[in-house]
Amino acid sequence: MNKAEPNSRLLVPPLYFLVALLLMVFFHRVAPWAYVLDAPYRYAGIVLAVLALGLIAWAALLFRRAGTNIRPFMPSTALVVAGPYKLTRNPMYLGMAGILLGAAVFMGSLTPFVVIPAFMALIAERFIIPEEAKLEEAFGREYLDYKAGVRRWL
C-alpha cells in the first residue's frame, strides 16, 4: 500500500458531489451567463433531485441487503445486478449526477450545467474505472457478462 492511498480514501464520491454542488452555486451567483428557466419550470429541479436521491437510496439498500461494501476502496463481496443495476452499472453515481441536474434546473441559469459533465468525468476516472477493474478481478466472467449487457451510465 502506498502512502497516498489512505489519504485518497478521504476523497470519497460524496465529497466530489459536494464540491460540484458548491461550484454550481458559485457559478450561478458569480457568472450565470443566461437565465434559461423561470418559475414554475425551475421547480422541476426539485422533482429531479428527489427522484435521483431515491435512486441512490434504492441502490444503497440493495448493497446492504447483499451484505457488500458501499465504500469505493473496500472489497466487494457480492455482485449486485438487480433493481436499478439492470439499467445502469452505477446508479449511485448516476443519482448524484441527477441531483446535480436537479439543482442546475432549480437554479435556472446556464453555468451550473457546465459542472455536471466534469463531475461525471471525474467520478468515472477516479472511481468507476478502478472499481470496474476490482469487480472484474473479484467476479471474473460473471462481471464481464454483466458489464457487456448493462451500460455504465444509461
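Residues numbered from 1 in each chain as written. Predicted model: local features only at pLDDT ≥ 70, side-chain atom pairs only at ≥ 80, totals over all residues. Heavy atoms only, no water.

Visitor: Please explain the pattern of salt bridges as it appears in this structure.
Guide: Proximity of charged atoms lets side chains of opposite charge pair with each other. The final tally for this structure, using the stated rule, is four salt bridges. With its nearest N and O atoms 2.6 Å apart, the salt bridge here joins glutamate 132 to arginine 89. Of the two residues, glutamate 132 sits in helix H5 (residues 112-139) while arginine 89 sits in the loop between helix H3 (44-66) and helix H4 (91-107), which places them 43 residues apart along the sequence. A residue is classified by how much of its surface remains accessible, and glutamate 132, at 7% relative accessible area, is buried. Overall, arginine 89 belongs to the buried group, its relative accessible area being 13%. With a shortest N-O distance of 3.9 Å, glutamate 132 and lysine 147 are connected by a salt bridge. Pair noted here: glutamate 132 is in helix H5 and lysine 147 is in helix H6 (residues 141-149), with a separation of 15 residues, a long-range link. (Salt bridge = Lys/Arg side-chain N within 4 Å of Asp/Glu carboxyl O. Helix = DSSP H or I, 4+ residues; strand = E, 2+ residues; numbered from the N terminus. Buried < 20%, exposed > 50% of the residue type's maximum accessible area, 1.4 Å probe, protein only.)

Visitor: I keep staring at the environment of phenylalanine 26 and nothing clicks. Help me out?
Guide: Take phenylalanine 26: it is sitting in helix H2 (residues 13-30). Classification of phenylalanine 26 as partly exposed rests on a relative accessible area of 47%. Separated by 86 residues in the primary sequence, phenylalanine 26 and proline 112 have C-alpha atoms spaced 8.3 Å apart.

Visitor: Just checking my understanding: could you explain the confidence of the model for the chain for this structure?
Guide: Low pLDDT marks stretches whose predicted atomic positions should not be read closely. Here the chain averages 93 in pLDDT, while 94% of its residues score no lower than 70. Confidence drops under a pLDDT of 50 for residues 1-7, and excluding neighbours within four residues, the segment shows two contacts in the predicted structure. (pLDDT = per-residue confidence, 0-100. Contact = heavy atoms within 4.5 Å.)

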